[in-house]
Amino acid sequence: MTATAEASVRVDASGLTDVGRKRKQNEDHFVIVSLRKAAEVRQTSVPDPHVFDRLQGQEALLFVVADGVGGRAGGAIASETAVTSLVEFLADAAGSVHGLDTDREHEFLERLEHAVRETHQRIFVQGGGRGQGMATTLTMAVLVWPRAYLLHVGDSRAFYLHKGRLKQLTRDQTTGEFMVEAGAWTEEQARNAPTASALVSALGGDDLTVAVGLVDLQPGDVLLLCTDGLTRHVPDERIAEVLGRATDAESACRELVAGALDGGGSDNVTVVVARMAG
Amino acid sequence: MIQKKVCMVGVFGTGKTSLVQRFVHSMFSERYLSTVGVKIDRKPIQVDGADLTLVLWDLAGRDGHEDITASYLRGSHAILYVADGTRRETCDQLPELRALARGAAGEVPEVLALNKSDLKERWALAAADEQGLSRAFDLVRTSAKSGEGVEEVFRRIGRATLAIKEARS
């Protein structure tokens, strides 16, 4: 998919998901959406039709990956609900992304966070309201060029490649990370603990913490959203190399997923790559 | 509810994220993870009977590779500078950071958190140095680890943002 987030920047975006080599079902989902609320002038007698340009509305691009929690009933349903609900909620917010001043930007961020919380509630109820029925991670980015707004729950990840350096934009919300952060475990204890990868925050689960952030991108940067099926098997250096070398988003996705499968494919793997092609 | 955007500005490793963690989540971690881009947290507070929400923009610190991204600072209602009292160079860079911040955000209230006050044996500033900083900034000594000064520094910046509104109205 190629979209134009602004006249000067072409965003080449693509996504790919694979069941992996060990699982029977793919519980991951992703979506790439172009959001625009615009008035298109078909014909006019006005001498300078550019006066209507401001009605075009700036395009926003939405990227989402969701990883239904393994071992729980309905993981695939949870991740599908996350993706479909967010698109539904955010379609309404499309008109509010143009010309964001500080107040409107905070309002926009609140709307995004609200959409995530509403989605959580929907999945929680679908799961029987017990917090153990179904759950999913969520990593999403809304790109209103040049700014990418990020909302994150769980242990899927967002990265961006900037001047050849890969930077992780999210932090895993897992027991291991939480215990190390709290000083209760060492990094080594976290690596060896069987419960380290358990989520401490998930959509549809008992606890929800929505991490919010943003980053301003530049032409040449690459945004990557992925589930842990990728990062379990493909080290950051390799991810950086693939993203830096690829000439299009689709081939980058294919190569990253192939790397995860070659590395063992122990889990479902999903990637979304967006190249700020300039 | 009144919302005020407060940008946290400083050199890498001065404890910006730790101050936010302490203030918003009552947590402290010894582990250092550098911030990428901006992390955003909200904290409702009450200052002098007025309710407001501080929207805290925790900016990636300036390091050898990259400067502060000026576009993040636009529209700020206040700037909270953070320096590390055990690393003199983090104070030496404050004038440059202030010029950058003022260039992007204009003349908005500023407070300086002189952080890591619990590390007394490693403190790198003489009394005269701190007096100099106090003349240039509204300074609060803070420790994200012990909690010293943390409530105070955010309360002070909240009060300053309200004072601006009152002065303008």
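Our structure's up above, just so we're on the same page.
Residues numbered from 1 in each chain as written. Chains lettered and ligands numbered in written order. Predicted model: local features only at pLDDT ≥ 70, side-chain atom pairs only at ≥ 80, totals over all residues.

Asker: I'd love a proper account of the overall build of chain B, names of residues and values included.
Answerer: Along its length, chain B carries five helices and six strands. In sequence order, chain B lays out its α and β elements as β-α-β-β-β-α-α-β-α-β-α. Compactness check: chain B gives a C-alpha radius of gyration of 15 Å against a globular reference of 15 Å for 169 residues, within 12% of the reference. Its C-alpha atoms put chain B at 45 × 35 × 30 Å along the principal axes. (Helix = DSSP H or I, 4+ residues; strand = E, 2+ residues; numbered from the N terminus. Rg over C-alpha atoms; globule rule 2.2 N^0.38 Å.)

Asker: Tell me what's going on with the nonpolar core, and back it up with residues and numbers.
Answerer: Looking at soluble globular proteins, one finds that nonpolar side chains tend to be buried together. Ala141, Leu224 and Val273 of chain A together with Leu80 of chain B are the most contacted members of the largest nonpolar core, which has 114 residues in total. The leading source of residues in this core is strand β4 (residues 60-67) of chain A, at seven residues. Apart from residues lying up to four places away in sequence, Leu80 of chain B is in contact with Val6, Met8, Val111, Ala113, Val153 and Ile157 of chain B. (Core = buried A, V, L, I, M, F, W, Y, C linked by C-beta atoms within 7 Å. Buried ≥ 20, exposed ≤ 12 C-beta atoms within 10 Å, placed from the backbone. Contact = placed C-beta atoms within 7 Å.)

Asker: Account for helix α2 (residues 102-126) of chain A, naming residues and giving values.
Answerer: Across its 25 residues, α2 of chain A extends 36 Å between first and last C-alpha, which sits within 8% of the 36 Å expected from 1.5 Å per residue. The set of residues buried in α2 of chain A consists of Glu105, Leu109, Leu112, Ala115, Val116, Thr119, His120, Ile123 and Phe124 of chain A. For α2 of chain A, the elements touching its buried residues are α1 (75-91), β5 (138-144), β6 (147-153) and β9 (211-216) of chain A together with β2 (38-47) of chain B. Where α2 of chain A ends, the next residue or the one after it, Gly128 of chain A, has phi of about 95 degrees, a positive value. (Expected span 1.5 Å × (residues − 1).)

Asker: Describe the interface of chain B and chain A, with residues and values.
Answerer: One frequently used descriptor of interface size is the decrease in accessible area upon assembly of the parts. At the interface, 15 residues of chain B touch 16 residues of chain A. Listed by contribution, the elements that provide at least two residues to the side of chain B that touches chain A are β1 (2-10) and β2 of chain B. Considering each element in turn, the side of chain B that touches chain A owes the most residues, three residues, to β2 of chain B. A breakdown of the residues in the side of chain B that touches chain A according to their chemical character gives five nonpolar, six polar and four charged. (Nonpolar A, V, L, I, M, F, W, Y, C, P; charged D, E, K, R; others polar.)

Asker: Tell me what's going on with the sheet that holds β1 of chain B, and back it up with residues and numbers.
Answerer: Ordered by their spatial adjacency, eleven strands build an open sheet running β3(A)-β4(A)-β5(A)-β6(A)-β9(A)-β2(B)-β3(B)-β1(B)-β4(B)-β5(B)-β6(B), and the pairing between neighbours is mixed. Sheet topology places β3 (28-35) of chain A together with β6 (139-141) of chain B at the edges, where each strand pairs with a single neighbour. Pairwise comparison of adjacent strand axes, ignoring direction, gives a mean angle of 25 degrees for this sheet. As paired elements, β5 of chain A and β6 of chain A share seven bridges and run antiparallel to each other. Bridging from a neighbouring strand, Val144 of chain A pairs with Arg147 of chain A of β6 of chain A. Against the sheet, helix α1 (residues 16-25) of chain B contacts β1, β2, β3 (50-59), β4 (78-84) and β5 (110-115) of chain B, and its axis sits at roughly 45 degrees relative to β2 of chain B. (Pairing = 2+ DSSP bridges. Axes fitted to C-alpha atoms, helices over the stretch in contact; angles between N-to-C directions.)

Asker: Account for the environment of Gly127 of chain A, naming residues and giving values.
Answerer: Residues and elements named next belong to chain A. Within the fold, Gly127 resides in the loop between α2 and β5. Sequence separation between Gly127 and Gly204 is 77 residues; the distance between their C-alpha atoms is 7.3 Å. Among all residues touching Gly127, those that are not within four sequence positions of it are Gly74, Gly133, Met134 and Gly204.

Asker: Got a sec to walk through the packing of α1 of chain A against α2 of chain A? Specific residues and values, please.
Answerer: Residue and element names in this part refer to chain A. α2 packs onto α1 with a crossing angle of 140 degrees between their chain directions and a minimal axis gap of 9 Å. As α1 runs across α2, the sense of the crossing is right-handed. Counted together, Ile77, Ala78, Thr81, Ala82, Ser85, Leu86, Phe89 and Leu90 of α1 and Ala115, Glu118, Thr119, Arg122, Ile123 and Gln126 of α2 form the full contact between these two elements. In the contact of α1 with α2, the residues fall into eight nonpolar, four polar and two charged. (Left-handed = near helix turned anticlockwise from the far one by under 90°.)

Asker: Explain the pairing of strand β8 (residues 165-168) of chain A residue by residue, including any values.
Answerer: Residue and element names in this part refer to chain A. As judged from the four bridges shared by strand β7 (residues 157-162) and β8, these two strands associate in the antiparallel manner. Considered in β8, the bridge of His162 is made with Arg165. Where β7 hands over to β8, the hairpin turn is made up of two residues, of which Lys163 adopts a positive phi near 50 degrees.

Asker: Which residues make up the environment of Val273 of chain A, and what are the values?
Answerer: Residue and element names in this part refer to chain A. Topologically, Val273 is positioned in strand β11 (residues 269-276). For Val273, a count of 30 C-beta atoms within 10 Å translates into the label buried. Filtering out sequence-adjacent residues up to four positions away, Val273 remains in contact with Ala13, Ser14, Val222, Leu224, Leu243, Ala249, Ala252 and Cys253.

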